[in-house]
Amino acid sequence: MGAPTTFIVPRLVSHCSFQIHINRHRKQITTETNRWLVKQKNLQSDDLRRLHGLNCGLLTAMCYPTASAPHLRVCNDFLTYLFFLDNLSDDMNDLAIAATADTVLSTLRSPDTYQASHIGKMTKDFYNRMVLTASAGTQQRFIETFGLFFQSIQKQAQDRASGAIPNLDSYISLRRDTSGCKPSFALIEYANNLNLPDIVMEHSVIVSLGEAANDLVTWSNDIFSYRVENAKGDTHNMITVVMNELGLELQPAVNFVGRKCKESIDRFVDHRRKIPAWSPSIDEQVQIYVEGLANWIVGSLHWSFATERYFGKKGAEVKANHIVEL
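Residues numbered from 1 in each chain as written. Predicted model: local features only at pLDDT ≥ 70, side-chain atom pairs only at ≥ 80, totals over all residues. Heavy atoms only, no water.

Looking at an unreviewed UniProt entry, the protein carries the name Terpene synthase, with the source organism given as Favolaschia claudopus. Note on the protein: under the UniProt heading Cofactor (unreviewed entry), the record states "Mg(2+)". The Sequence similarities (unreviewed entry) field of the UniProt record for the protein holds the comment "Belongs to the terpene synthase family." (UniProt positions renumbered as here; feature names shortened; annotations may be inferred.)

Structure, rendered in structure tokens:
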């Protein structure tokens, strides 16, 4: 038998019962972010085409549906910038990623004084707007988790260079940081003007809810992006990991990851029932934050078929018939 030419995407959208909400400022901030990126970076025609096809404004609008226009703009600037960083890092070795990390993190820690490349200038620009209203805790969590993102993609670059395929447990741990979800979840706090104390954000139930949302976003992304990543020979994908570790063929491996995705949604629903009480004002903020995690779960699932990043212009077709052509 030859190599498979198609696979069936698990029915994750129908398994997720969370309601979709779309921010009313979507079109405005999409236009503003695109202008910002073009101004900040010398984009070629292919870059502009990919920027339009990315449809990041829709993802941002679904993940932060109640944010004001200025707050949503910062979130969209960051997510668009994060996608470009992810694309850039695919062609970087670990030393180049370390240098980029130094530029970005130094800029975040000292945005008023640090001068650097266009990456540093972009970082300074959106972060200077973010700190106007972000709480101290939000700022700290954003910087710390963005640092973890760079550490993890540096490890990914090392594995890419050596051709190493991680085992499943180590991959799951690393993937929670390579996803970029953690700093994006800190933006839930920023977008909703929350001021949650560390004792709340470090509670085991809140941590578990964040992990469940992160796992769904990242593991489903591994399914949706497999077509592109497999063509590039990228080994950091859960489908590739389980095929290697468990000796599975492609479709059984996809099914395995699909079950893990459904389990993560179920885990989120279960842990949501176990949120403890602190005080009326904190409890209200916690509910807003957890709803933000739910928005990320359902928003990322639907956006994955609306962007051209994974299926080109066939996203709606794949969403309807679940068939992916390799």
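Caption draft 1: Representation of empty space enclosed by the protein in the model. According to the stated counting rule, one finds two cavities of 30 Å³ or more in the structure shown. Each pocket or cavity is described by its volume, and for the second largest cavity that value is around 30 Å³. Lining the second largest cavity we find Leu85, Ser89, Met92, Ile97, Thr100, Phe150 and Ile153. Those elements that place two or more of their residues in the lining of the second largest cavity are α5 (69–89), α6 (94–109) and α8 (136–162). (1 Å grid on protein atoms, 1.4 Å probe; cavity = no way out; pocket = protein on both sides within 12 Å on 5 of 7 lines; lining within 4 Å. Points joined across faces, edges and corners; volume = space filled by probe spheres on them. Helix = DSSP H or I, 4+ residues; strand = E, 2+ residues; numbered from the N terminus.)

Caption draft 2: Inspection of unusual backbone geometry at higher detail. Positive phi, close to 60°, is recorded for asparagine 55, a residue that is not glycine. Mapped onto the secondary structure, asparagine 55 falls in the loop between α3 (45–54) and α4 (56–63). The residue histidine 322 is not glycine, and still its phi comes out positive at about 65°. Among the structural elements, histidine 322 can be located in the loop between α17 (315–321) and β2 (323–325). Look at histidine 322 and you get buried, because its relative accessible area is 12%. (Buried < 20%, exposed > 50% of the residue type's maximum accessible area, 1.4 Å probe, protein only.)

Caption draft 3: View of the pattern of salt bridges. Taken as a whole and assessed by the stated rule, the structure comprises 19 salt bridges. Taking the shortest distance from any N to any O, the salt bridge between arginine 129 and aspartate 77 comes out at 2.7 Å. Of the two residues, arginine 129 is situated in helix α7 (residues 118–130) and aspartate 77 in helix α5; the sequence distance between them amounts to 52 residues. Among the residues examined, aspartate 77 registers a relative accessible area of 0% and is labelled buried. Lysine 182 is paired through a salt bridge with aspartate 177; the nearest N and O atoms lie 2.9 Å apart. (Salt bridge = Lys/Arg side-chain N within 4 Å of Asp/Glu carboxyl O.)

Caption draft 4: Structural detail: the layout of surface pockets. By volume, the largest pocket is sized at about 1,200 Å³. The element best represented in the lining of the largest pocket is helix α12 (residues 204–232), accounting for nine residues. For the lining of the largest pocket, the class distribution of residues is 17 nonpolar, 15 polar and 15 charged. Empty space within the second largest pocket amounts to approximately 520 Å³. Residue lining of the second largest pocket: 20 residues in total, with Arg141, Thr145, Lys182, Met201 and Val207 positioned closest to the centre. Mapped onto the lining of the second largest pocket, the elements with two or more residues apiece are α8, α10 (181–191), α11 (198–201) and α12. Tallying contributions element by element places α8 first for the lining of the second largest pocket, with six residues. Within the lining of the second largest pocket, the residues separate by chemical class into seven nonpolar, five polar and eight charged. (Nonpolar A, V, L, I, M, F, W, Y, C, P; charged D, E, K, R; others polar.)

Caption draft 5: Up close: α4. When you tally the buried positions in α4, you get eight out of eight residues, the bulk of the element. Looking at α4, one finds that the buried residues are Cys56, Gly57, Leu58, Leu59, Thr60, Ala61, Met62 and Cys63.

Caption draft 6: Looking closely at the side chain of aspartate 215. Along the chain, aspartate 215 falls in helix α12. Taking the relative accessible area as the measure of exposure, aspartate 215 reaches 0% and is therefore buried. In this view, aspartate 215 contacts Arg176, Ser220, Ser264 and Arg267; residues no more than four positions away in its chain are not counted. (Contact = heavy atoms within 4.5 Å.)

Caption draft 7: Region of interest: the nonpolar core. Within the largest apolar cluster, 99 residues are counted, with the highest numbers of intra-cluster contacts made by Tyr64, Phe142 and Phe146. Looking at this core element by element, the count peaks at twelve residues for helix α15 (residues 280–306). When sequence neighbours within four positions are dropped, the list of residues in contact with tyrosine 64 reads Asn23, Leu72, Cys75, Leu79, Ser184, Leu187, Ile188, Ala191 and Trp296. (Core = buried A, V, L, I, M, F, W, Y, C linked by side-chain atoms within 4.5 Å.)

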